Structure formats: structure tokens, C-alpha cells
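Topology and contacts: notes
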Amino acid sequence: MKVTVTFTNDNPATIWNQLAKRLGREPTNAEAAAEVRRILKGDR
């Protein structure tokens, strides 16, 4: 059995949505993870 869960958040201020806007496409999970690490590290 395989279960897939998808969450949707239309809030434009989320990290995912800001990254998608900057890239001009939906980011991969790896790109999103790298963005979170960049933010936590304090790089701008």
C-alpha cells in the first residue's frame, strides 16, 4: 500500500512560494531544502 499526502498553502509569503516566484517554476525538494538551510545560516 502506498499513501501520498499533499499539502497546499496559497500564502505567497511561504518559503516554497517565494522560491517558486524567484525561480519561475516549482522548486524541487532539494532546492527548497537548500533554501531553508541558506535562510537558517543567515545568508541573504
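Notes on the structure follow. (Residues numbered from 1 in each chain as written. Predicted model: local features only at pLDDT ≥ 70, side-chain atom pairs only at ≥ 80, totals over all residues. Heavy atoms only, no water.)

With that settled, the discussion passes to a nonpolar patch on the surface. A surface patch of nonpolar side chains, amounting to about 610 Å² of accessible area, comprises Met1, Val3, Val5 and Phe7. By the secondary structure assignment, Met1 is in the segment before α1 (15-23). Since its relative accessible area comes to 98%, Met1 is described here as exposed. (Patch = residues over 30% accessible without salt bridge, like charges linked within 9 Å, V, L, I, M, F, W, Y side chains within 5 Å. Areas by Shrake-Rupley, 256 points an atom, 1.4 Å probe, with all protein chains shown as cover. Salt bridge = Lys/Arg side-chain N within 4 Å of Asp/Glu carboxyl O. Helix = DSSP H or I, 4+ residues; strand = E, 2+ residues; numbered from the N terminus. Buried < 20%, exposed > 50% of the residue type's maximum accessible area, 1.4 Å probe, protein only.)

Here the focus is the pattern of salt bridges. Charged atoms that come close allow side chains of opposite charge to pair. Taken as a whole and assessed by the stated rule, the structure comprises three salt bridges. Residue Glu31 pairs with Arg25 through a salt bridge whose shortest N-O separation is 2.7 Å. The partly exposed category is assigned to Glu31, whose relative accessible area is 26%. Residue Arg25 is classed as partly exposed on the basis of its relative accessible area of 40%. A salt bridge links Glu35 to Arg38, with the nearest nitrogen and oxygen atoms 2.7 Å apart. With Glu35 and Arg38 both in helix α2 (residues 29-41) and three residues apart, this pair spans about one turn of that helix. The class for Glu35 is buried, based on a relative accessible area of 10%. Put simply, Arg22, Glu35 and Arg38 are held in one network by salt bridges that share partners.

Next up on the list: the side chain of Glu35. One polar contact links Glu35 to Arg22, side chain to side chain, over a distance of 2.9 Å. Sequence-distant contacts of Glu35, defined by excluding residues within four places in its chain, comprise Ile15, Leu19 and Arg22. (Polar contact = N/O pair within 3.5 Å; in protein donor to acceptor, adjacent residues only side chain to side chain. Contact = heavy atoms within 4.5 Å.)

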